[in-house]
Amino acid sequence: MRVPLRQGDIVVGDRAYARAPSLEKVVSAGADFIVRTGWTSVRLTTPDGQRVDWNAIYEPMQPGEVCEMNVLVEHSGRKGRGKPPLPTRLIVKRKDEKATQKAQKAAKRGNQRRCSNRLQPMTLIAAGFVMLLTSVPAHELTADEVLQTHRLRWQVELAFKRLKSGMGIHKLPARDERLARSWLTAHLILALMIDEAVTDVLDSPPVKTKPRTSQSLSLWRLHSLLRSEILNAMLMVMRPGKILTRVTEIIRHVCDPPRRRKSQSAAARSAVLL
């Protein structure tokens, strides 16, 4: 079920939604959008009708620097022929060197998966930048505030990932609307109980036997463990009061082994702090 857009809403989306028809629907409903885009995702022009020169934008920017300019989103195809362009703000932020290298490696892997023979040089260059389109006026949200607002989307993605993979909510077992609603409501209640228990565990004092410093707490494993124990508590297999005690006793089983890349939880926390 899609929730209708209302006046004053702000839609936050990934680059898949950076399409002229989708953006036009949002604006037509009286709402605004903040979406990520790529250098080829949508046709952009300057207010005087010139194509956006990406090289002119990228070259003078330093790591961490933010650039903003007014652009027009043009419609393409037969359906969009004759429609007026959509005025938006283009916000570009240059990533640091480490993030740029990571994004470029991901772009190369994606090109290999698509079995493409050629990776365009501009694709590698653009991987070092975050590019957003927004219809929110500058006097309502600054460029930095637009970037921070879009960054919150990652927290929503993590929540949905836990609901789908950890709770199995992606496989709806009922077709009847009432049964489906009851099933979803029960799982959402369980998810809220798990989140509350996770907070208690993170706030609890350390155990006597501390885990190795090279290990970090895995929120993913902790969610899985608490799901199992809360269900057992509901079935009276274990009293609820003993759940936290057991979690702290087997804390080593909910810790990730040492690894080079940053864990999802650490990346999420750093994103929120930024």
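Figured I'd write up the structure that's included with this text. Because the structure is a prediction, the values reported are computed rather than measured.

**Some remarks on the overall build of the protein**
Of regular secondary structure, the protein possesses 10 helices and 8 strands. Expressed as a percentage of its 274 residues, the buried residues of the protein come to 34%. Look at the contacts in the protein between residues 6 or more apart in sequence, and 65% of them connect residues 24 or more apart.

**With respect to the environment of T123**
With respect to the helices, strands and loops of the structure, T123 is situated in helix α4 (residues 121–126). On the accessibility criterion, T123 (25% relative accessible area) is partly exposed. Between the C-alpha atoms of T123 and A107, which are 16 residues apart in sequence, the distance is 7.6 Å. In terms of polar contacts, T123 uses its side chain to reach the side chain of W39, at 3.4 Å.

**Comments concerning the packing of aromatic side chains**
Per the counting criterion, the structure on display carries 2 aromatic pairs. Relative to F129, the ring of Y58 lies with its centre 4.2 Å away and its plane at 20°, an arrangement referred to as stacked. Taken together, the residues span a long stretch of sequence, with Y58 in helix α2 (residues 54–58) and F129 in strand β6 (residues 129–134) at a distance of 71 residues. Per residue, the accessibility class of Y58 equals that of F129, and both read buried. An aromatic cluster is defined as three or more aromatic residues linked by ring pairs; in this entry it consists of W54, Y58 and F129.

**Some words on a positive patch on the surface**
Positive charge collects at one region of the surface, where K98, K102, K105, K108, R109, R113 and R114 lie side by side. Within the element layout of this structure, K102 appears in helix α3 (residues 97–113). Looking at K102, the relative accessible area reads 65%, which means it is exposed.

Scoring rules and cut-offs
Residues numbered from 1 in each chain as written. Predicted model: local features only at pLDDT ≥ 70, side-chain atom pairs only at ≥ 80, totals over all residues. Heavy atoms only, no water. Helix = DSSP H or I, 4+ residues; strand = E, 2+ residues; numbered from the N terminus. Buried < 20%, exposed > 50% of the residue type's maximum accessible area, 1.4 Å probe, protein only. Contact = heavy atoms within 4.5 Å. Polar contact = N/O pair within 3.5 Å; in protein donor to acceptor, adjacent residues only side chain to side chain. Phe/Tyr/Trp six-rings, centres within 6.5 Å; stacked < 30°, edge-to-face > 60°. Patch = residues over 30% accessible without salt bridge, like charges linked within 9 Å, V, L, I, M, F, W, Y side chains within 5 Å. Areas by Shrake-Rupley, 256 points an atom, 1.4 Å probe, with all protein chains shown as cover. Salt bridge = Lys/Arg side-chain N within 4 Å of Asp/Glu carboxyl O. Lys, Arg positive; Asp, Glu negative; His and termini not counted. Charge placed at Lys NZ, Arg CZ, Asp CG, Glu CD.

Read these as spatial facts, not as claims about activity.
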